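Structural features, examined
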Amino acid sequence: MPIASPKSVSMTPGALATTRSLLLALMIAATPASALGDEISDAVATLDPAITHVRVFGEWKTENAEGRYRVVIRREAEPGVIRFFVQRVGKDGTVVSSSELSEIRTEKMTVTDFNYDIDQFGLAMFIETGKDDASGTTYEVFFNDDGTYRFQPASN
């Protein structure tokens, strides 16, 4: 049986444009969001892989600004060393202040958990260190408005 030769199909310029638009729309719909330049996916993909934790919590407010607190924990190349940052992030997403709890890094503390309290004096954090058992130590950290803090063993 002979194979039929292809027939030429003629389209009006309007029909051709519509067909091209539909094909383009189908191609875009079938493309994963990450390939389309999704800003959030792009930002997440560029995060430093050494950042192991990010936690947003509580609210702060001054006369001129307000926002939320954020903790960022980064694991260093040296075994057992982490860097622990407490930040104030404005409602517009800008970091207003960032304080590193350097005692955690210099003493090579293992942080197992942390909690916080916010009262009329500001932010207080309670940081559990050591192993996940009763052998750990709890530290309390009291933050001042100027970004300084007091780091000490908890006074239970």
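Residues numbered from 1 in each chain as written. Predicted model: local features only at pLDDT ≥ 70, side-chain atom pairs only at ≥ 80, totals over all residues. Heavy atoms only, no water.

Re the confidence of the model for the protein chain
Per-residue confidence for the protein chain averages 82 on the pLDDT scale, and 72% of its residues sit at or above 70. In the model, residues 4-11 has pLDDT below 50 throughout and makes 2 contacts with residues more than four positions away in sequence or in other chains. (pLDDT = per-residue confidence, 0-100. Contact = heavy atoms within 4.5 Å.)

Focus: the nonpolar core
For soluble globular proteins, nonpolar side chains are generally found buried alongside one another. Counting residues in hydrophobic clusters, the biggest one holds 19 residues, and the most contacted among them are V71, F84, V86, L101, I104 and M125. Secondary-structure elements contributing two or more residues to this core are strand 1 (51-61), strand 2 (66-75), strand 3 (82-90), strand 6 (122-129) and strand 7 (137-143). (Core = buried A, V, L, I, M, F, W, Y, C linked by side-chain atoms within 4.5 Å. Buried < 20%, exposed > 50% of the residue type's maximum accessible area, 1.4 Å probe, protein only. Helix = DSSP H or I, 4+ residues; strand = E, 2+ residues; numbered from the N terminus.)

Some words on the environment of F114
Position of F114 relative to the elements: it lies in strand 5 (residues 111-119). Classification of F114 by relative accessible area gives buried; the value is 6%. In this structure, F114 is in contact with R55, F57, V71, F84, M125, F126 and I127, ignoring residues within four places of it in sequence.

Remarks on the sheet that holds strand 2
Pairing within the open sheet is antiparallel, and its 4 strands lie in the order 1-2-3-4. Edge positions in the open sheet fall to strand 1 and strand 4 (95-100), since each of these has one partner strand only. Averaged over all neighbouring strand pairs, the angle between strand axes comes to 20°, with direction disregarded. Where strand 1 meets strand 2, 9 bridges bridge the pair, whose relative direction is antiparallel. Paired with W60 across the bridge in strand 2 is G67. (Pairing = 2+ DSSP bridges. Axes fitted to C-alpha atoms, helices over the stretch in contact; angles between N-to-C directions.)

A few points about the environment of P79
Position of P79 relative to the elements: it lies in the loop between strand 2 and strand 3. Owing to a relative accessible area of 70%, P79 belongs among the exposed residues under this scheme. Separated by 29 residues in the primary sequence, P79 and K108 place their C-alpha atoms 8.9 Å from one another.

Details of the sheet that holds strand 7
Two strands in a sheet stick together by hydrogen bonds in their backbones, pointing the same way (parallel) or opposite ways (antiparallel). Here we have 4 strands laid out as an open sheet, ordered 5-6-7-8, and antiparallel in their pairing. Taken across any chain shown, the strands that pair with only one partner, and hence form the sheet edges, are strand 5 and strand 8 (149-153). With strand direction ignored, the average angle separating the axes of adjacent strands in the sheet is 20°. Pairing between strand 5 and strand 6: 8 bridges, direction antiparallel. Directly across from Y116, in strand 6, lies its bridge partner M125.

Description of the pattern of salt bridges
Tallied over the full model, the rule gives 7 salt bridges. In this structure, D48 engages R74 in a salt bridge whose closest nitrogen and oxygen atoms are separated by 2.7 Å. Placement of D48 in the loop between helix 2 (39-45) and strand 1 and of R74 in strand 2 is noted, with a sequence separation of 26 residues between them. By relative accessible area, R74 is classed as partly exposed at 28%. Two residues, E100 and R83, come together in a salt bridge whose shortest N-O distance is 2.8 Å. Separated by 17 residues along the polypeptide, E100 in strand 4 and R83 in strand 3 bring together distant segments of the chain. Using a relative accessible area of 16% as the deciding quantity, one classes E100 as buried. (Salt bridge = Lys/Arg side-chain N within 4 Å of Asp/Glu carboxyl O.)

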